[in-house]
Amino acid sequence: MRRMIAGNWKMNMLSEGALQLAGALRRGADRLGCELLVCPPATVLSAVAHVLLGSACQTGAQDCHAEAAGAHTGDLAAPMLRDAGATHVILGHSERRAQHGETDAMVHAKVEAAVRAGLVPIVCVGETLAEREGGRAESVVAGQLAGSLPHGFAGLVAYEPVWAIGTGRTPTQADIAAMHAAIRHRVGAAIRILYGGSVKPENAAAILALPEVGGALVGGASLDAASFLAIAAACPV
Ligand code: PEP
């Protein structure tokens, strides 16, 4: 399966920086043996998608509402994101779960809305440090998968241990491989499973070579074109 390297810009980037970064990715994306995706904030999504149109890098969104339209001030519907140029949408990121109280049921509804709008969902799951230290990492992730993925799910799953996001810490390779194997067991053979959490150019090759790792979801290092492209170049072909 071709690997995907997806960048989550989170709440970063004004127009000028976003366009510069998108331009650099457009120039660098061609020679890579993996799929490339960037998920900018919604304010620059359309402009970034325009720069990347026809390139080897696709554009995604970071969240969507579960309804297609309506009285939801400040929210964005999946058809709007599709209309702005998104092909994918990240759903259930741990920052949305923790900061906006998103439950598995809410993520489930958003996944269905994304699919109805023609977006490919990337559903994030992952345990906290307390859950890992308590020996509950696999059962927590299994519960998130069961609650968040609709029957017949055909998007991507991103395994992102909460304690590894933005911290510079990563699980051992054995722990990443074990969790990816456990997720594979639950989602079937066709789903790509990304690893996310402090992926950098320095650790990307080792992580991306692990069995069942179908790519990476990258936060901090996706804000720098050279770092993001170096991670993509580390994909085994
Ligand atoms: C993320 O937020 O999805 C992420 C993986 O962040 P970072 O790469 O900065 O740990």
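Residues numbered from 1 in each chain as written. Predicted model: local features only at pLDDT ≥ 70, side-chain atom pairs only at ≥ 80, totals over all residues. Heavy atoms only, no water.

*Asks:* Would you take a moment to explain the domain arrangement of the protein chain for this structure?
*Replies:* Interfaces are often sized by the accessible area lost when the parts come together. When its domains are assigned, the protein chain resolves into domain 1 (7-62) and domain 2 (68-75 + 82-221). Placing the centre of domain 1 and that of domain 2 at their C-alpha centroids yields a distance of 20 Å. Carbon and sulfur atoms make up 53% of the area that domain 1 and domain 2 hide from each other, which totals about 1200 Å². Ranking the residues of domain 1 by area buried against domain 2 places Asn8, Lys10 and Gln62 at the top, with a combined share of 36%. At the surface where domain 1 touches domain 2, the tally comes to two salt bridges. With a shortest N-O distance of 3.0 Å, Glu35 and Arg192 are connected by a salt bridge. Our enumeration of links across domain 1 and domain 2 arrives at six residue pairs in polar contact (both at pLDDT 80 or more). Contributions of two or more residues to the side of domain 1 that touches domain 2 are made by β1 (4-8), β2 (35-39), α2 (42-52) and β3 (57-61). (Domains from an automatic or database assignment. Buried area = accessible area lost by both parts, 1.4 Å probe. Salt bridge = Lys/Arg side-chain N within 4 Å of Asp/Glu carboxyl O. Polar contact = N/O pair within 3.5 Å; in protein donor to acceptor, adjacent residues only side chain to side chain. Helix = DSSP H or I, 4+ residues; strand = E, 2+ residues; numbered from the N terminus.)

*Asks:* Looking at this model, I keep getting lost on the pattern of salt bridges. Mind explaining?
*Replies:* One side chain can pair with another of opposite charge once the charged atoms of both are near each other. What the rule picks out here adds up to ten salt bridges. In this structure, the salt-bridge partner of Asp63 is Arg96, at a minimum N-O distance of 3.4 Å. A residue pair is termed long-range when its members are at least 10 positions apart, and Asp63 in the loop between β3 and α3 (78-83) and Arg96 in helix α4 (residues 94-99) qualify at 33 residues. Overall, Arg96 belongs to the partly exposed group, its relative accessible area being 23%. Linking Glu127 and Arg132 is a salt bridge whose minimum nitrogen-to-oxygen distance equals 2.7 Å. (Buried < 20%, exposed > 50% of the residue type's maximum accessible area, 1.4 Å probe, protein only.)

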